[in-house]
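Per-entry structural report
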Amino acid sequence: MSSPRRPLIGLGVLALATGVATFLVVLDGHHNSDRGAFAALTLAIGWGFTGTGLYVWRRQPASRIGPLMTAVGFSGLLKALGFANDSVLFTVGSLAAVLIYAVLVHLLLSFPSGRLESRLDRLLVAGAYLNTIVLQLALVVFSDPAKEGCSRCPANPLLITHSEAARVIATAQLDIAIALLGAVVAILYRRWRGGTPSQGRAFAPVLGVGGLTFVLLMASLVVEQANVSSELAEALTLALFGSIACLPFAFLLGLVRLRFSQAEAISSLVGQLGGSGGRGGLRDALAEALGDRTLELAYWVPGRSSYVDADGRPMRIDPPPKGKIATPIEHEGQRVAAIVHAAELADERELVQTVGAAAALTLRNERLDAELRAKVTELHASRSRIVQAGYEERRRLERDLHDGAQQRLMALGINLRLIRDRIESDPKQAAALLDASLHELGEATGELRELARGIHPAVLTNRGLAAALKGLAGRSPVPVEVLETPDDRLPSPVESAVYFVVAEALTNAARYARARVVTVSVVRHNGQVDVEVSDDGVGGADAEQGTGLRGLQDRVAALDGGLELTSADGKGTVLRASIPCG
Amino acid sequence: MPKTVLIVDDHPSFRASARLMLEAAGFEVVGEAEDGGAALAAARRLRPELVLLDVRLPDIDGFEVTRRLLDVGEAAPQIVLVSSHDSSDLGEAVGASGARGFVPKSDLSAEAIALLTT
């Protein structure tokens, strides 16, 4: 993300000019005491917050911390307009008198991520804005400064009528503010205690000064409500403003320390990389170094052109999950992994890459582990598919035997008994029955032969691949040209796999492809056998569908081979298999 | 001794041989059915005295067909189960089914049927 440089410079110039103007307005104000101190504090707050805010904004454009700090600065300057003698400026100042506290609550609760993480945070911030904008407006329209005891204040052009309502609203506003601030202080304290030690160090200045500011604010509100002593009230207000003026520097210090704690984490990461952190150790170290607990690692598997997690399970990171960014990590020019981290770290891409580079070698090793695990997972899956396929094959055989040859033999048995009973009394019918029986016998024999060939073709064992493929070609309903077969015998598992690849391809070509001719070639070279079966049919076959191809894939993979199906619509189908053979 | 028979089996070659054998023994084969659904419909329509019923049918299993055939009470046919399995493959299911008995297809004869029916 690029920094909006020019608008930021514009805002800086505006802050400078507004600061000078406000300073003069406050000094010139004739209805307040301690003008000098307030003028100085106003400038310190206005410039302090806008200056540091714009700096942070420029450095971390994706974070809301910078804009919020800048907003605090401007609302501080607006507030100071309450000192003005001019009635319009005075009213603007009155309207914005307490806005700065709501923005401060927003800022503190967003630190350090820049986002309001919880629902409670968001509720509190919304409450603060309501209290300081809506109720403040209601207050202004019902209160006449002159009747509030400020005889030298300018007139209020927004005044509808001076009413008792103003007092009720003011009391409500104070009560709400005190309650909100109490909750905010408690949350900040818990946040400070909840972090890691290095986070605690980074949060301490912000949460400390921020907490102090809110405590002072609460105290001054309580004093104001109790209306005990105006000196105490003024002293508290000065202390409050002083504390607010310190806050931007506390923020800078906090952000610097946060960076420092990350640098520390990186060096401890580099230290840890030497030893084996065990599985998950690297992830934890990276999560600590980058301050992102949700960080995940995705390992690149070049063979599959995809990512897997540490357990070897496939992982999709393109597009990355919502609110996340994936930063690829390379080692010696080769992609080894990606760090999937919170989108807030977008400003810290450099940091992520530095951390990644430090971890690249370890990542590469873990990648090899993950790749191995992916392979093991795949092996497990294919092994159970092979077992399942074997089981289904046996069931199919049992059914084929039962429905085919067995039924024919049963019928044959009945016929033979009938023949025995008739052979003397009705030789003519006995002869007819014998003819029918011979037919049944022929059918049974044919079916048994076909079944046996499905289990393992005898011709393959006895006479080799060339003869077996010729046999397949001869039985195929689609004309088949066998272009090439190896002269020598191959190892029998390889011959068998090649035979079944060709058989499946021919069956599919006849059944689905509407092919006119199929060509088959089997070539042995460089220690492997390449099988190619191509047809001129309609194409559009899908390897994912149908168990036939899946079974073949497992069969070929079991021999460390690969299977590839090319079948564009209308372009025919080509099935290729490569199987290593010594 | 029943006279009219319904043959239920999904293999045409077996039905043909069984019909020859039964007719030779003096039975009247009133119909054939190739699955459980068709068998139930045919039994309602033809009211056979005997049903020769294959255990393994493509839709409903033979034992279930037996149960539904016997459900009609008094008018129910006598049922003889047949299968290309032998009785050890079927276990106690035959006894529990309410059928008259079981004959392996390899031993099927008019005498075996006569022994089981009344």
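Rules of the game
Residues numbered from 1 in each chain as written. Chains lettered and ligands numbered in written order. Predicted model: local features only at pLDDT ≥ 70, side-chain atom pairs only at ≥ 80, totals over all residues. Helix = DSSP H or I, 4+ residues; strand = E, 2+ residues; numbered from the N terminus. Buried ≥ 20, exposed ≤ 12 C-beta atoms within 10 Å, placed from the backbone. Contact = placed C-beta atoms within 7 Å. Pairing = 2+ DSSP bridges. Axes fitted to C-alpha atoms, helices over the stretch in contact; angles between N-to-C directions. Core = buried A, V, L, I, M, F, W, Y, C linked by C-beta atoms within 7 Å. Nonpolar A, V, L, I, M, F, W, Y, C, P; charged D, E, K, R; others polar. Right-handed = clockwise from strand over helix to strand, strands pointing away. pLDDT = per-residue confidence, 0-100. Parallel < 35°, antiparallel > 145°, perpendicular 65-115°, else oblique. Arc of directions from axis to C-beta.

Right, let's get into the overall build of chain A. Helices and strands together make up the secondary structure of chain A, namely 15 helices and ten strands. Out of the 582 residues belonging to chain A, those deemed buried represent 37%. A sequence separation of at least 24 residues applies to 65% of the contacts in chain A between residues at least 6 apart.

The next point concerns the overall build of chain B. When you go through chain B residue by residue, the secondary structure sums to six helices and five strands. Of the regular secondary structure in chain B, the N- to C-terminal order runs β-α-β-α-β-α-β-α-α-β-α. Here chain B holds 118 residues, and 38% of them are scored as buried. Here the analysis covers contacts within chain B between residues at least 6 apart in sequence; of these, 58% occur between residues at least 24 apart.

The next thing to look at is the environment of Val518(A). Residues and elements named next belong to chain A. Mapped onto the elements, valine 518 comes out in strand E7 (residues 518–525). Remark: the alpha-carbon pair of valine 518 and glutamate 481, spanning 37 residues in sequence, is separated by 6.3 Å. Filtering out sequence-adjacent residues up to four positions away, valine 518 remains in contact with Val478, Val480, Leu506, Ala509, Val533 and Asp535.

Before going further, it helps to spend a moment on the sheet that holds strand E8 (residues 528–535) of chain A. Each strand in a sheet pairs with its neighbour through backbone hydrogen bonds, running either in the same direction (parallel) or in the opposite one (antiparallel). All names here are of chain A. As summarised here, the arrangement of the five strands in space is E6-E7-E8-E10-E9, forming an open sheet in which the pairing is mixed. Either end of the sheet is taken by a strand with one partner, and the two such strands are strand E6 (480–484) and strand E9 (562–566). With direction set aside, neighbouring strand axes in the sheet form an average angle of 10 degrees. Bridging between E7 and E8 involves eight bridges; their strand directions are antiparallel. Among the inter-strand pairings, valine 522 is bridged to a residue of E8, identified as valine 531. Here helix H13 (residues 458–475) sits on the sheet and contacts E6 and E7; the angle it forms with E6, its principal contact strand, is near 160 degrees. In the packing of helix H14 (residues 492–513) onto the sheet, the strands contacted are E6, E7, E8 and strand E10 (573–580), and the crossing angle to E8 comes to about 10 degrees.

What follows concerns the nonpolar core. If you look at the biggest cluster of nonpolar residues, it comprises 69 residues, and the most contacted ones within it are Val72(A), Val103(A), Val105(A) and Val184(A). Contact partners of Val103(A), with chain neighbours within four places excluded, come to Leu68(A), Ala71(A), Val72(A) and Ser75(A). Counting residues in hydrophobic clusters, the runner-up holds 34 residues, among them Phe14(B), Ala33(B), Ala43(B) and Val82(B).

Further remarks concern the interface of chain A and chain B. How big an interface is tends to be stated in terms of the accessible area lost upon association of its parts. Of the residues lining the interface, 13 residues belong to chain A; the matching set on chain B comes to 13 residues. A total of twelve residues in the side of chain A that touches chain B trace back to one element, the largest contributor, which is helix H11 (residues 349–422) of chain A. A per-class count over the side of chain A that touches chain B returns four nonpolar, five polar and four charged.

To continue, consider the pairing of E7(A). Sheet faces and side chains relate simply in a regular strand, where the side chains alternate between the two faces. Residue and element names in this part refer to chain A. Here E6 runs beside E7; their pairing, made up of four bridges, is parallel. Of the residues in E7, the one forming a bridge with glutamate 481 is threonine 519. Crossover E6 to E7 through H14 is left-handed. Counted between consecutive antiparallel strands, the loop separating E7 from E8 contains two residues, among which asparagine 526 sits at a positive phi close to 50 degrees.

What follows concerns unusual backbone geometry. Residues and elements named next belong to chain A. Proline 319 follows aspartate 318 through a cis peptide bond whose omega is 5 degrees. As for its position among the elements, proline 319 is in the loop between strand E3 (314–315) and strand E4 (324–331). A positive phi angle, close to 65 degrees, is found at aspartate 560, a residue other than glycine. Among the structural elements, aspartate 560 can be located in the loop between helix H15 (547–557) and E9.

A few words now on the confidence of the model for chain B. A low pLDDT score tells you not to read the predicted coordinates there in detail. All names here are of chain B. Here chain B averages 89 in pLDDT, while 100% of its residues score no lower than 70. Of all helices and strands in chain B, the one with the weakest mean pLDDT is helix H4 (residues 87–90) (77), whereas strand E2 (residues 28–33) scores best (96). Interface confidence in the predicted complex, given as ipTM, is 0.79; pTM for the same model is 0.48.

Our focus in this paragraph is the packing of helix H5 (residues 99–110) of chain A against helix H6 (residues 119–142) of chain A. All names here are of chain A. Orientation of H5 relative to H6, taken along the N-to-C sense of each, is 170 degrees, at an axis distance of 8 Å. Comparing their axes, H6 and H5 come out roughly antiparallel. Here Leu99, Tyr101, Ala102, Val105, His106 and Leu109 of H5 lie close against H6, whose contacting residues are Asp121, Leu124, Val125, Ala128, Tyr129, Thr132 and Ile133. Residue composition of the contact of H5 with H6, grouped by class: ten nonpolar, two polar and one charged.

Residue and element names in this part refer to chain B. With parallel pairing, the five strands of this open sheet are ordered in space as E2-E1-E3-E4-E5. Because the sheet does not close on itself, it has two edges, and the strands there are E2 and strand E5 (101–104). For this sheet, the mean inter-axis angle between neighbouring strands, taken without regard to orientation, is 25 degrees. Bridge analysis of strand E3 (residues 50–54) against strand E4 (residues 78–83) gives five bridges, and the strand direction is parallel. Across the sheet, residue leucine 50 finds its bridge partner in E4, namely glutamine 78. Running over the sheet, helix H2 (residues 36–46) touches strand E1 (4–8), E2 and E3 and is turned about 145 degrees from E2. Where helix H3 (residues 62–70) meets the sheet, its contacts fall on E3 and E4, and the angle it forms with E3 comes to roughly 155 degrees.

For the rest of this paragraph, the subject is H2(B). Residues and elements named next belong to chain B. What H2 keeps buried is the set Gly36, Ala39 and Ala43. In a view along the axis of H2, the buried residues occupy a sector of 50 degrees, so they form one face of it. Residues of H2 that are exposed and point over 90 degrees away from its buried face: Ala41, Arg44 and Arg45. Looking at the buried side of H2, the elements it contacts are E1, E2, E3 and H3. Arginine 47 lies just past H2 and shows a positive phi near 50 degrees.

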